[in-house]
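# Structural features, examined
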Amino acid sequence: MSDTTTHASEQESRAVAEGAREAKWEKESFMRSFFEGNFRLDLLHPHPEPDPDEAERGRQFLERLEAFARKHIDGDAIDREGHVPEEVLDGLRELGAFGIKIPREYGGLGLSQVTYNRALAIVSSRCGSTGAFLSAHQSIGVPQPLTLFGTEEQKKKFLPRLAKGALSAFALTEPEVGSDPANLATTAELSDDGSHWILNGEKLWCTNGPRAELMVVMARTPPREGVKSKRPITAFIVEADADGVDVPHECHFMGLRGLSNGIIRFRDVKVPLDNLIWGEGQGLKLALITLNTGRLSLPAFCGAAGKGLTEISRKWAAERVQWGQAIGKHDAIAQKLGRMAADTFAMDAGVELTSAMADGKELDIRLEAAIAKMWHTETAWRIVDDTLQIRGGRGYETADSLRDRGELPIPVERSMRDLRINLIFEGSSEIMRLFIAREAVDTHLKVAGDMVDPRAPMGKRVAAAARAGIHYTWWYPSRWLGWGAWPRYSEFGPLATHLRYVNRASRRLARNIFHCMALHGAGLEKRQAVLGRVVDIGAEAFMMTAACVRARKLVEENPADRSPEELADLFCRQARRRIEASFRALFLNDDVPTYGLARKTLEGRYAWLEEGVVGMDALVAQEDDSLEWEGHPGEKAAAGAGAEPEEEAAPAG
């Protein structure tokens, strides 16, 4: 059967993505300034403080939530059975956990992003699947975009239901749509009488979808006068029990086995006009803006995992004796423990800082949220890998098996399965790096983009060259000037040297971004490995800053305890080594030969490497055999089944 799917061209995909970008920076941004060579520590320090009244209400809620999680959430049972019990969700509803951030005037708790992320940490430390219910509902489901972009009528209609625990979901992904929304196939068209929208399409991997009451659905709407986009994508609120909404398949995964996730199919679903959010053609931009804070749930999950895994590793490394002493005293294990503790402190610092920045609403945090999502998910994966190595066979063994033979059922194996998806959820690491890189070079593109764009007309290229000449005459020399030496930041004590390094690294990175653009020109967008190193430098620098700011705050609160400084110091030492390695690899790397070999691999030049094993052809043959028996009535009859025609056409099983 031939593939008739039509994919959008690279240019069309880029146009859709650019059209959805927040092109304006109406608020200050720490990381935008950093990539331009300006280290604005004043935007992060002193560490933002919570509202005292909210903090007290949040504390009381978190105490009740922790007591409930300890008693009623059994992560191993949920993993084993592949289902979060309704009584668990009901208990969370009674606590108000599905309306943590929904304003109190709409029936929610009206708590902060800081409290919300701490709540996610508590629940996910017991069960990642249960945490996902809360996160998918509130971070990217109906409440967040409705709070940001809904009309007052929409808020009054839906938010009280959502606060009481009516589960919601977010439906964007399709079989041909992951990070490239230009290929969106779901459509919504006005009815002939203009009284409602008619929705048709199919969504894949819709978290909460099979059990949701409401969902935000992204659909392509017809181009209309007044709608800027040529391929408009629009957001709708859809009732899950509406005629034509179907869940033909529930998906099952390596981890998060209690997750409610599936295919959602829409067939001539009538959607009221009032259920359109924000405006026609605003759907993709709505999704991206929603994710600016929605992504912060994943760092919270990862920070919680880091804490739990550090405890597991520390206690096991102290009690397990091999070769005459605790394994934690052997240098090979000690190196893992030291890095794990330092990285966990940095993750906690990143979660607290970005959450407080989101609550403050004074800064644009799109870059910080993306960096936190990328860095925390990758760091947590390394931590769980080290934890499994430290636990050895007991790390690889399931909690149920450990329990059955009389040992403490420590779920490292489940943690590893649960954590892996975070590098893919809500923007894969690769997409995050491209998103961050695009914003990192935004100022340069505004100044000199037409100059290096081969598609730009000559007039624009000449004008851009003149503009760039004027801009870089003062900009480039200024990136060599700055005060990044002693005694600056001396109030940070032993951490001041690290902040001075970050200060210098900001100007150094800005110069190197300019050098990369001068060297590669328009081809820089294709050099994704180079752009990834630029992003990695910025990410490590941001996490260094977060760790230092957090450590300073904690030491000020308790001067007798200098342990935060010790953790931040080691983290910064190791981060500086990673930054230096990335700087070296910007221009000294093997990217070109690696890419060339990859192209030859795609072309099958090295297919002989795949010989000697039973390969994918066996899977294809196996599936063909199954289809021939189960789905081809003629073949089934030929096989001598002797069934009646009605039975021949019936699906097996």
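First things first, this report covers the structure right here in the doc. Note that the structure is a prediction, hence the values are computed from the model and not measured. (Residues numbered from 1 in each chain as written. Predicted model: local features only at pLDDT ≥ 70, side-chain atom pairs only at ≥ 80, totals over all residues. Heavy atoms only, no water.)

## Let's talk about the packing of aromatic side chains
- If you walk through the whole model with that rule in mind, you get 12 aromatic pairs.
- When the centroid spacing of 5.9 Å and the interplanar angle of 70° are considered together, the rings of Phe-30 and Phe-39 count as edge-to-face.
- Given a relative accessible area of 10%, Phe-39 falls into the buried group.
- A ring pair is formed by Trp-375 and Phe-571, whose centres lie 5.6 Å apart and whose planes are at 85°; its orientation type is edge-to-face. Placement of the pair is Trp-375 in helix α13 (residues 366-391) and Phe-571 in helix α22 (residues 563-585), with a sequence separation of 196 residues.
- With a relative accessible area of 5%, Trp-375 lands in the buried category.
- For Phe-571, a relative accessible area of 0% gives the class buried.
- One aromatic cluster in this structure is built from Tyr-472, Trp-475, Tyr-476, Trp-480 and Phe-514.
- The ring of Trp-381 carries Arg-420 above its face, with NZ or CZ at 5.4 Å from the centroid. (Phe/Tyr/Trp six-rings, centres within 6.5 Å; stacked < 30°, edge-to-face > 60°. Buried < 20%, exposed > 50% of the residue type's maximum accessible area, 1.4 Å probe, protein only. Helix = DSSP H or I, 4+ residues; strand = E, 2+ residues; numbered from the N terminus. Lys NZ or Arg CZ within 6 Å of the ring centre and 35° of its normal.)

## A few points about the layout of surface pockets
- The calculated volume of the second largest pocket comes to roughly 990 Å³.
- Around the second largest pocket, the lining comprises 35 residues; the ones closest to its centre are Lys-27, Leu-148, Ile-289, Thr-293 and Lys-361.
- Listed by contribution, the elements that provide at least two residues to the lining of the second largest pocket are α8 (143-149), α10 (283-294) and α12 (331-360).
- In terms of residue count, α8 provides more of the lining of the second largest pocket than any other element does, 5 residues in total.
- Here the lining of the second largest pocket is built from residues that sort into 13 nonpolar, 8 polar and 14 charged. (1 Å grid on protein atoms, 1.4 Å probe; cavity = no way out; pocket = protein on both sides within 12 Å on 5 of 7 lines; lining within 4 Å. Points joined across faces, edges and corners; volume = space filled by probe spheres on them. Nonpolar A, V, L, I, M, F, W, Y, C, P; charged D, E, K, R; others polar.)

## A short note on empty space enclosed by the protein
- Taken as a whole and assessed by the stated rule, the structure comprises 1 cavity of 30 Å³ or more.
- If you add up the space inside the largest cavity, you get close to 30 Å³.
- Lining the largest cavity, in full, are Gly-75, Ile-78, Asp-79, Cys-127, Gly-128, Ser-129, Leu-256, Arg-257, Arg-414 and Asp-418.
- Secondary-structure elements contributing two or more residues to the lining of the largest cavity are α4 (75-81), α7 (128-140) and α16 (412-420).
- For the lining of the largest cavity, the element with the highest residue contribution is α4, accounting for 3 residues.
- Looking at the lining of the largest cavity residue by residue, the classes come out as 3 nonpolar, 3 polar and 4 charged.

## Quick word on a nonpolar patch on the surface
- A grouping of Leu-519, Phe-587 and Leu-588 is seen on the molecular surface, where their side chains present a nonpolar patch of about 340 Å² in accessible area.
- Mapped onto the elements, Phe-587 comes out in the loop between α22 and α23 (591-602).
- By relative accessible area, Phe-587 is classed as partly exposed at 35%. (Patch = residues over 30% accessible without salt bridge, like charges linked within 9 Å, V, L, I, M, F, W, Y side chains within 5 Å. Areas by Shrake-Rupley, 256 points an atom, 1.4 Å probe, with all protein chains shown as cover. Salt bridge = Lys/Arg side-chain N within 4 Å of Asp/Glu carboxyl O.)

## Observations regarding the nonpolar core
- In terms of nonpolar packing, the biggest core is built from 85 residues, with Phe-35 and Phe-571 touching the most fellow members.
- Sorting elements by how many residues they give to this core places helix α21 (residues 528-557) first, with 15 residues.
- Residues within four places of Phe-571 in sequence aside, it is in contact with Ala-342, Asp-343, Ala-346, Trp-375, Glu-540, Met-543, Met-544, Ala-547 and Arg-578.
- Listed in part, the 30 residues of the second largest apolar core include Ala-8, Tyr-106, Ala-163 and Ala-182. (Core = buried A, V, L, I, M, F, W, Y, C linked by side-chain atoms within 4.5 Å. Contact = heavy atoms within 4.5 Å.)

## A look at α12
- For α12, which comprises 30 residues, the first-to-last C-alpha distance of 43 Å matches the rise-based estimate of 44 Å (1.5 Å per residue) to within 8%.
- Immediately downstream of α12, the backbone of Lys-361 shows phi near 60°, a positive value. (Expected span 1.5 Å × (residues − 1).)

## Describing the environment of Glu-362
- The residue Glu-362 is located in the loop between α12 and α13 in this model.
- Each C-alpha atom, one on Glu-362 and one on Ala-505, is 25 Å from the other, the two residues being 143 residues apart in sequence.

## Comments concerning the environment of Thr-207
- With respect to the element layout, Thr-207 can be found in strand β3 (residues 196-207).
- Remark: the alpha-carbon pair of Thr-207 and Phe-170, spanning 37 residues in sequence, is separated by 7.2 Å.
- Sequence-distant contacts of Thr-207, that is, excluding residues within four places in its chain, are made with Ala-136, Ala-169, Phe-170, Leu-259, Ser-260, Asn-261 and Phe-425.

## A few points about unusual backbone geometry
- A cis amide bond links His-45 to the next residue, Pro-46, at an omega of 5°.
- Among the structural elements, Pro-46 can be located in the loop between α2 (30-35) and α3 (52-72).
- Put simply, Trp-486 and Pro-487 share a cis peptide bond, and its omega is 5°.
- As for its placement among the helices and strands, Pro-487 is situated in the loop between α19 (458-478) and α20 (496-520).

## Quick notes on the pairing of strand β1 (residues 168-171)
- Of the two faces of β1, both are covered, the one formed by Ser-168 and Phe-170 as well as the one formed by Ala-169 and Ala-171.
- Pairing between β1 and strand β4 (residues 214-220): 4 bridges, direction parallel. Bridging across to β4, Phe-170 finds its partner in Val-216. (Pairing = 2+ DSSP bridges.)

## Examining the pairing of β4
- For β4, the buried fraction is high: 7 of the 7 residues fall into the buried class.
- The pairing of β4 with strand β5 (residues 233-239) spans 7 bridges and is antiparallel. Considered in β5, the bridge of Arg-220 is made with Ile-233.

## Remarks on the packing of α3 against helix α5 (residues 86-95)
- Where α3 meets α5, the axes come as close as 11 Å, and the angle between the chain directions of the two elements is 165°. Considered as vectors, α3 and α5 are oriented roughly antiparallel to each other. The two elements α3 and α5 meet at a crossing, and its hand is right-handed. Contacts between α3 and α5 involve Phe-61, Arg-64, Leu-65, Phe-68 and His-72 from the former and Val-88, Gly-91, Leu-92 and Leu-95 from the latter.
- Classifying every residue of the contact of α3 with α5 by side-chain character gives 6 nonpolar, 2 polar and 1 charged. (Axes fitted to C-alpha atoms, helices over the stretch in contact; angles between N-to-C directions. Parallel < 35°, antiparallel > 145°, perpendicular 65-115°, else oblique. Left-handed = near helix turned anticlockwise from the far one by under 90°.)

Taken by themselves, the reported measurements are silent on function.
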